[in-house]
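Here are the chains, one letter per residue:
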Amino acid sequence: MHVSGGEAVLRWRELAAGDTVLLDGFHALKHALRFGATIPLALAADKPAVLGLARDLAPDLAGRLDALLTPVAPATLRELVDRPHPTGVAALAHPAPRAPATGGAPVVVLDNPRHLGNIGAVIRLAAGAGAAGVLTTGTVDPWHPAVLRAAAGLHFATAVTRTSVGDLPPGPLYALDPAGTDIRSVPVADGALLAFGSERAGLSEELRKRADTLVALPMRSGVSSYNLATSVAMALFHWMRSIG
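Residues numbered from 1 in each chain as written. Predicted model: local features only at pLDDT ≥ 70, side-chain atom pairs only at ≥ 80, totals over all residues. Heavy atoms only, no water.

### Observations concerning the packing of helix α6 (residues 116–129) against helix α9 (residues 228–242)
Then step 1. Between α6 and α9, the least distance of the axes is 9 Å, while the angle of their chain directions is 15°. On the basis of the axis angle, α6 is roughly parallel to α9. Read as a crossing pair, α6 and α9 show a hand that is right-handed. Counting all contacts with α6, which are made through Asn 118, Ala 121, Val 122, Leu 125, Ala 126 and Ala 129, the residues of α9 involved are Leu 228, Ala 229, Val 232, Ala 233, Leu 236, Trp 239 and Met 240.
Then step 2. Here the contact of α6 with α9 is built from residues that sort into 12 nonpolar, 1 polar and no charged. (Axes fitted to C-alpha atoms, helices over the stretch in contact; angles between N-to-C directions. Helix = DSSP H or I, 4+ residues; strand = E, 2+ residues; numbered from the N terminus. Parallel < 35°, antiparallel > 145°, perpendicular 65-115°, else oblique. Left-handed = near helix turned anticlockwise from the far one by under 90°. Contact = heavy atoms within 4.5 Å. Nonpolar A, V, L, I, M, F, W, Y, C, P; charged D, E, K, R; others polar.)

Shown next, in the form of structure tokens:
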């Protein structure tokens, strides 16, 4: 629906109170559009500048963005969004949480993750690597605005949802643990789940019991850990190398 700048505040607040998520910035909107998100409202504090970005970085979307974006004053955008993105773009989209397809590419499982930026970075990695999706356990919503911002809108490019350890899909579960077998010697089977513990506590006992195999990332002696997103990247790269 097209709205004028004067109608934007009321329309935004009506939509934000319902079943929508915030797409914060040009890249989040770009990716959401490319991967089929339903976007009822998108705002730009400097529409000509945003369309210039589109011509440079996403020419496939320039026409759609021209039709979709409603220009608003920068002060209006600041009123509607706590921390406007430097690109001056904000949009609302209908979330699309779904369970990943199983049996092919691996599913990334984050066991009670706590850091919103880490979750977003993992979703971005999963989308880029072609993983089947990202499942999270625990209380953090993987569709939180800060997660969407860190993922640059790539939730719509892969399956992302929250579940419990007891409801994980079937398939061989490889849990990352320092005491495990070096992952370089372990082929990742089709339909695998790659599970990573929380940043502070590591794997929960429930997930450890569900695991079929404990695997470890190679690490120099004296270094205690990797960042969560780095660990996921290393494990997915190991899988990507195995499929050529």
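### A few points about the packing of aromatic side chains
Then step 1. All chains considered together, the criterion is met by 1 aromatic pair.
Then step 2. Ring geometry for Trp 143 and Phe 156: centres 5.4 Å apart, planes at 80°, overall edge-to-face. With a gap of 13 residues between them, Trp 143 in the loop between β6 (133–136) and α7 (145–151) and Phe 156 in the loop between α7 and β7 (159–162) connect regions that are remote in the sequence. For the pair shown, Trp 143 and Phe 156 are each scored as buried. (Phe/Tyr/Trp six-rings, centres within 6.5 Å; stacked < 30°, edge-to-face > 60°. Buried < 20%, exposed > 50% of the residue type's maximum accessible area, 1.4 Å probe, protein only.)

### Considerations on the nonpolar core
If you look at soluble globular proteins, the nonpolar side chains tend to sit buried side by side.
Then step 1. Formed by 55 residues in total, the largest nonpolar core has its most connected members in Leu 23, Leu 29 and Ile 39.
Then step 2. Considering each element in turn, this core owes the most residues, 6 residues, to α9.
Then step 3. The contacts of Ile 39, once residues within four sequence positions are left out, are Leu 23, Leu 29, Ala 32, Leu 33, Leu 68, Ala 91, Leu 92 and Ala 93. (Core = buried A, V, L, I, M, F, W, Y, C linked by side-chain atoms within 4.5 Å.)

### Focus on the sheet that holds strand β10 (residues 213–216)
Then step 1. Overall, parallel pairing links the 6 strands, which are arranged β7-β6-β5-β9-β8-β10 in an open sheet. Either end of the sheet is taken by a strand with one partner, and the two such strands are β7 and β10. Neighbour-to-neighbour, the strand axes of this sheet turn through a mean angle of 30°, independent of strand direction.
Then step 2. Relative to β7, β6 runs parallel, the two being bridged by 4 bridges. From the neighbouring strand, Val 134 faces β7, where its bridge partner is Val 160.
Then step 3. Along the sheet, α6 contacts β5 (107–110), β6 and β7; its crossing angle with β6, the most-contacted strand, is approximately 155°.
Then step 4. Docked against the sheet, α9 engages β5 and β9 (193–196), running at close to 155° with respect to β9. (Pairing = 2+ DSSP bridges.)

### Focus: a nonpolar patch on the surface
Then step 1. Taken together, the side chains of Phe 237, Met 240 and Ile 243 make up a nonpolar region of the molecular surface, amounting to roughly 300 Å² of accessible area.
Then step 2. With respect to the secondary-structure elements, Ile 243 resides in the segment after α9.
Then step 3. Look at Ile 243 and you get exposed, because its relative accessible area is 55%. (Patch = residues over 30% accessible without salt bridge, like charges linked within 9 Å, V, L, I, M, F, W, Y side chains within 5 Å. Areas by Shrake-Rupley, 256 points an atom, 1.4 Å probe, with all protein chains shown as cover. Salt bridge = Lys/Arg side-chain N within 4 Å of Asp/Glu carboxyl O.)

### Examining the environment of Pro 84
Then step 1. As for its placement among the helices and strands, Pro 84 is situated in the loop between α5 (74–80) and β4 (89–93).
Then step 2. Spatially, the C-alpha atom of Pro 84 lies 41 Å from that of Gly 171, the residues being 87 residues apart in sequence.
Then step 3. In this view, Pro 84 contacts Asp 24, Leu 77 and Arg 78; residues no more than four positions away in its chain are not counted.

### Looking at the environment of Val 9
Then step 1. As for its placement among the helices and strands, Val 9 is situated in helix α1 (residues 5–16).
Then step 2. Excluding anything up to four places from it in sequence, Val 9 contacts Thr 76, Glu 79 and Leu 80.

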